[in-house]
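Examination of the molecular architecture
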Amino acid sequence: NIENGGSLIDSNTTGCILGNITVQKSIPAGSSFVSSPIQNATAEIFAENSVFEWNVQTAAWVNVTEQLADFQGYKAEADVENNVTYFGLINANNQSISLTNNDLTNQNEHGWNLVGNPFTSALDAEVINFYNIENVIYKLNPETGNIEIYQQGGLSLNNGNQLVNLGEGFFLKTISESADLQIGTAKVHNIPGLLNLKTRENRLTDENILFTVSNDK
């Protein structure tokens, strides 16, 4: 199990973690950008929330009631804070997604794609490969309602940072009719130096904390 706030990285590009796992994630009250860390999730897991996807063609929100796409971001609307539980196979392999911009003459309104972190760990925006995409990520802060902006190289606005958390979605802006986003080596733990692992078999559990120490200290 990966409990809320936990993190897991499968460093094997072909995937060495077999079988279904459970991932728990807290959904804050209000609006938040979310994404599934497992394969073939459905909107049913957001039973206490309304879920919307961003339609690139119409530049509008559309209600989602069935399948959630891998690597796709969504907007969740919640009246109160609640927890969702994902159950299934993790996305362990390197991931890529094709993005679009159907109207290059209207750059302010079109070309925005809401994608999502598909892994059971955070992503480091500094290691993401952007092709025909602005190298900027836009995340929604549920507490303030502000869009936090981070550009590769360290520029930021509204307290933006380079990490995209487990289960988080983010907007990207394409600069061409077709674009490609590639991640894989961008997987990181968002608590530096600390990893909490819990294994479960039937009714037995075992919990371990792993940490790293820099040679510079």
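Residues numbered from 1 in each chain as written. Predicted model: local features only at pLDDT ≥ 70, side-chain atom pairs only at ≥ 80, totals over all residues. Heavy atoms only, no water.

1. So, the pattern of salt bridges
We count it as follows: What counts as a salt bridge is simple: a side-chain nitrogen of Lys or Arg found within 4 Å of a carboxyl oxygen of Asp or Glu. When a residue's accessible area, from a 1.4 Å probe over protein chains only, is under 20% of the maximum for its type it is buried; when over 50% it is exposed; and in between it is partly exposed.
Scanning all chains against the criterion turns up one salt bridge. Of the charged contacts in the structure, one is a salt bridge between Lys75 and Glu77, with a shortest N-O distance of 3.5 Å. Judged by its relative accessible area of 27%, Glu77 falls in the partly exposed class.

2. Some remarks on the packing of aromatic side chains
Our working rule: Aromatic rings from Phe, Tyr and Trp, with only the six-membered ring used for Trp, were paired whenever their centres fell within 6.5 Å, and each pair was classed as stacked if the ring planes differed by under 30 degrees, edge-to-face if by over 60, and tilted otherwise. Helix and strand definitions follow DSSP, with helices as H or I runs of at least four residues and strands as E runs of at least two, each counted in order from the N terminus.
Under the counting rule described, the total for this entry stands at eight aromatic pairs. Relative to Phe171, the ring of Trp54 lies with its centre 5.8 Å away and its plane at 85°, an arrangement referred to as edge-to-face. Taken together, the positions of Trp54 in strand β3 (residues 49-55) and Phe171 in strand β15 (residues 169-173) put the pair 117 residues apart, joining distant regions of the chain. With a relative accessible area of 17%, Trp54 lands in the buried category. Using a relative accessible area of 11% as the deciding quantity, one classes Phe171 as buried.

3. Description of the nonpolar core
Note the following rule: Each nonpolar core is a collection of buried residues, namely Ala, Val, Leu, Ile, Met, Phe, Trp, Tyr and Cys, held together in the definition by side-chain atoms within 4.5 Å.
Membership of the largest hydrophobic core comes to 20 residues, with the highest contact counts inside it found for Val23, Ile27, Phe46, Leu68 and Tyr86. Contributing elements (two or more residues each) for this core: β1 (21-27), β5 (74-78) and β6 (82-88).

4. Some points on unusual backbone geometry
Positive phi values are uncommon outside glycine, yet Ala59 reaches one of about 55°. Tracing the backbone shows Ala59 in the loop between β3 and β4 (60-63). Taking the relative accessible area as the measure of exposure, Ala59 reaches 16% and is therefore buried. Phi is positive for Asn158, which is not a glycine, with a value near 60°. Position of Asn158 relative to the elements: it lies in the loop between β13 (155-157) and β14 (163-164).

5. What about the side chain of Gln72?
Stated formally: The definition of a polar contact used here is a pair of N or O atoms within 3.5 Å, where within protein one atom must be able to donate a hydrogen and the other to accept one, and adjacent residues in sequence count solely through side-chain atom pairs. The criterion used for residue contact is that any of the two residues' heavy atoms lie within 4.5 Å.
Its location among the elements puts Gln72 in the loop between β4 and β5. Overall, the relative accessible area of 18% leaves Gln72 in the buried class. A polar side-chain atom of Gln72 sits 2.6 Å from the main-chain carbonyl oxygen of Leu114. Other than its neighbours up to four places away in sequence, Gln72 contacts Val34, Ser35, Leu114, Val115 and Gly116.

6. Here we look at the sheet that holds strand β17 (residues 187-188)
Within a beta sheet, neighbouring strands are joined by backbone hydrogen bonds and run either parallel or antiparallel to one another. Going by this rule: What makes two strands pair is DSSP finding at least two bridges between them.
Strand order in the open sheet formed by three strands is β14-β9-β17, and the pairing between neighbours is antiparallel. The open sheet terminates on both sides in strands that have one partner only, identified here as β14 and β17.

7. Digging into the sheet that holds β3
In plain terms, the rule: Whenever a helix is involved, its axis is fitted only over the stretch in contact; in every case the axis is a line through C-alpha atoms, and angles between N-to-C directions fall within 0 to 180 degrees.
The four strands lie next to each other as β2-β5-β3-β4, forming an open sheet whose pairing is antiparallel. Two strands lie at the open edges of the sheet, namely β2 (30-34) and β4, each paired on one side alone. If you compare each strand with its neighbour and ignore which way they point, the axes differ by 35° on average. Sheet topology note: the β2/β5 ladder contains five bridges and is antiparallel. Looking across to β5, one finds that Gly30 is bridged to Ala78.

8. Here we look at the layout of surface pockets
Inclusion rule: Cavities and pockets were defined on a 1 Å grid built from protein atoms only: a cavity is a group of points that admits a 1.4 Å probe but offers it no way out, a pocket is an open group of points flanked by protein on both sides within 12 Å along at least five of seven lines, and a lining residue is one with an atom within 4 Å of any such point. Grid points are joined across faces, edges and corners, and a volume is the space filled by probe spheres set on the points. Only Asp, Glu, Lys and Arg are considered charged, only Ala, Val, Leu, Ile, Met, Phe, Trp, Tyr, Cys and Pro nonpolar, and every remaining residue, Gly among them, polar.
For the largest pocket, the calculated volume is near 530 Å³. Lining the largest pocket are 22 residues, and of these Lys25, Leu140, Pro142, Asn165 and Glu168 sit closest to its centre. Elements that contribute at least two residues to the lining of the largest pocket include exactly β1, β2 and β11 (136-140). Class assignment of the residues belonging to the lining of the largest pocket gives a composition of eight nonpolar, eight polar and six charged.

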